[in-house]
Amino acid sequence: MSKSYKEIMNQITTFIFDVDGVLTDGSVHVTQSGEMLRVMNIRDGFAMKAAVESGYNVCVISGGSSEGVRIRLRNLGITDIHLACPDKVENFKEYIDIYNIFPEQVLYMGDDIPDFHVMKLVGLPTCPQDASPEIKEISQYISHKNGGRGAVRDVIEQVMRVQGKWDTYFNGKHD
Ligand SMILES: [Mg+2]
């Protein structure tokens, strides 16, 4: 019998997120000078910071490139930020190799075709509610939240709760 997504959440040590459509709603504001401005969710950011501080590996792999995104993520404590990646599978393999992570320990959240192949390799492929149909089809868990609107928070919080680390993190914040 195949495992439920909740059972798989027990073995997750590592979160990998796409940027556009996952950490954002997929929109960009294009300025007169051609700069692309993205909107991110503060509650998603809080969860990523909580995951990092609780000892999880948190990695971001994006096809896009934006120094602003890099700075924002770095401020959350994320050190593995791969931008402008034409082939996410290559970055994924390199990343898990460096940290000795098994693919079964990885939760990946993506929303569109560039995430398809890497999502086939991980233990828990997930997506926001508004992901493309192809990605929803191969996701083992589909968040009820949209990209940039709490989908990242949803999966981090669920994994940390299953592993009893969400409350621990909170209680630590009140000591
Ligand atoms: Mg995307």
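Going by the structure above, here's the rest.
Okay, so let's go over this structure. (Residues numbered from 1 in each chain as written. Predicted model: local features only at pLDDT ≥ 70, side-chain atom pairs only at ≥ 80, totals over all residues. Heavy atoms only, no water.)

**Side note on helix α7 (residues 151-162)**
A turn of α-helix holds 3.6 residues, and therefore any two residues three or four places apart point the same way. Counted at 1.5 Å a residue, the expected span for α7 with its 12 residues is 16 Å, and the 17 Å between its end C-alpha atoms agrees. Among the 12 residues of α7, 10 are classified as buried, and the element is accordingly described as predominantly covered. Of the residues making up α7, those classed as buried are Ala151, Val152, Arg153, Asp154, Val155, Ile156, Glu157, Gln158, Val159 and Met160. Positive phi appears at Gly164, one or two residues downstream of α7, with a value of about 70 degrees. (Helix = DSSP H or I, 4+ residues; strand = E, 2+ residues; numbered from the N terminus. Expected span 1.5 Å × (residues − 1). Buried < 20%, exposed > 50% of the residue type's maximum accessible area, 1.4 Å probe, protein only.)

**Quick word on the sheet that holds strand β7 (residues 124-127)**
Pairing in this open sheet of six strands is parallel, and the strands run β5-β4-β1-β6-β7-β8 from one edge to the other. With one partner strand each, in any of the chains shown, β5 (80-82) and β8 (141-142) form the two edges of the open sheet. Where strand β6 (residues 106-109) meets β7, three bridges bridge the pair, whose relative direction is parallel. From the neighbouring strand, Met109 faces β7, where its bridge partner is Thr126. Its contacts with the sheet put helix α4 (residues 88-99) on β1 (14-17), β4 (57-61), β5 and β6, and the angle it makes with β4 is roughly 160 degrees. (Pairing = 2+ DSSP bridges. Contact = heavy atoms within 4.5 Å. Axes fitted to C-alpha atoms, helices over the stretch in contact; angles between N-to-C directions.)

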